[in-house]
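# Topology and contacts: notes
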Amino acid sequence: KKLAVGLTKQDIATFRYDKRIVKQIRKGNVDKNMMFDDFVTDAISVVEYFRNSDAYNKIYIIGHSQGSLVGLLAARDRADGFISLAGAGQSIDMVITEQVIKTAPMFKDDTIRIFDVLKEGKTTKDYPIALSSIFNLDVQPFIRNWMKYNPQTEIAKLEIPILIINGTKDLQVSEAEAKLLHEAAKSSTLKIIENMNHVLVTIEGDDLENSKSYNESGRKLAEGLLNELTQFIK
């Protein structure tokens, strides 16, 4: 919302929407057959709706976190520009494996083994309880669908202006991920914003402050973020 308000003040119209699963979670009726590709289908529908309206001279997609991959898949042959905000540069299985190695190294081998099963197009009930939030049997088909995309491969297919933004205090997506995307799309612009975290606010302190900020909606957007977006789009 803060991005939308800031961009509106710069005469840039915006459209935001929740992922389809948000409404389902609120109603307690989650579609267990939902795939990552459904998110891409929704993004494509939005872009094509506004293209067909002929109301805007250019359409840019801004994708944050998981939305970075969704956005770059939807942008190809449709959008006039693409912006990745805190988007991963590796496939989701690689990202999750790195996170497990960093936070719970004792589960490294199990994580690699389970992803190998998913790569074969199968599912498994053989996973540690501690990893159930990642590998719940209902979630495995979604993860399998998601991990088939390598963001570096996909971003290299774009023939439109690309801006890649990451923050130095991002606990979930490191600067290294942004640099992988930048290397894959040679003509892209890379901007690393000092002290910006994953939810796009400035963090001066430690990881505890960083974690707490996720629920502190009164924080301002990181200094320079809106300016980077505005300059790129204009």
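Keep in mind that this is a model prediction, so the values were computed, not measured. Sequence order sets the numbering: in each chain, residues are counted from 1 along the sequence as written. Totals for whole chains, interfaces and linings use all residues, but because this is a predicted model, local features are given only for residues with pLDDT of at least 70 and pairs of side-chain atoms are given and counted only at 80 or more. Side-chain metrics rest on all non-hydrogen atoms present in the structure, leaving aside hydrogens and water.

With that settled, consider the overall build of the chain. Counting secondary structure elements, the chain contains 12 helices and four strands. Computed over the C-alpha atoms, the radius of gyration of the chain is 18 Å, within 12% of the 17 Å expected from 2.2 N^0.38 for a compact globule of 234 residues. C-alpha atoms of the chain, sized along the principal axes, occupy 55 × 45 × 40 Å. Here the chain, with 234 residues, has 41% of them falling under the buried criterion. Contacts between residues were defined by any pair of non-hydrogen atoms, one from each residue, lying within 4.5 Å. Long-range pairs, those at least 24 residues apart, make up 59% of the contacts in the chain with a sequence separation of at least 6. Only runs of H or I of at least four residues qualify as helices and only runs of E of at least two qualify as strands under DSSP, and these elements are numbered from the N terminus. Radius of gyration here is computed from C-alpha atoms only, and the compact-globule reference equals 2.2 Å multiplied by the residue count raised to the power 0.38. Exposed residues in this analysis have more than 50% of their type's maximum accessible area, buried residues have under 20%, and partly exposed residues fall in between, with area computed by a 1.4 Å probe over protein chains only.

We define a nonpolar core as any set of buried Ala, Val, Leu, Ile, Met, Phe, Trp, Tyr and Cys residues linked to one another through side-chain atoms lying within 4.5 Å. Formed by 40 residues in total, the largest nonpolar core has its most connected members in Phe36, Phe82, Ile155 and Leu158. Those elements that place two or more of their residues in this core are α3 (36–53), α4 (66–75), α5 (92–103), α6 (108–119), α8 (140–146), β3 (162–167) and α10 (175–184). Among the elements that line this core, the one with the most residues is α3, at seven residues. Membership of the second largest hydrophobic core comes to 15 residues, among which are Leu163, Ile165, Leu200 and Phe232.

This part covers the pattern of salt bridges. Basic side-chain nitrogens of Lys or Arg form a salt bridge, by our definition, when they fall within 4 Å of a carboxyl oxygen of Asp or Glu. One pass over the structure, following the stated rule, counts 12 salt bridges. Lys122 is paired through a salt bridge with Glu120; the nearest N and O atoms lie 3.5 Å apart. With relative accessibility at 48%, the residue Lys122 sits in the partly exposed group. We note a salt bridge from Glu154 to Lys157, for which the minimum N-O separation is 3.2 Å.

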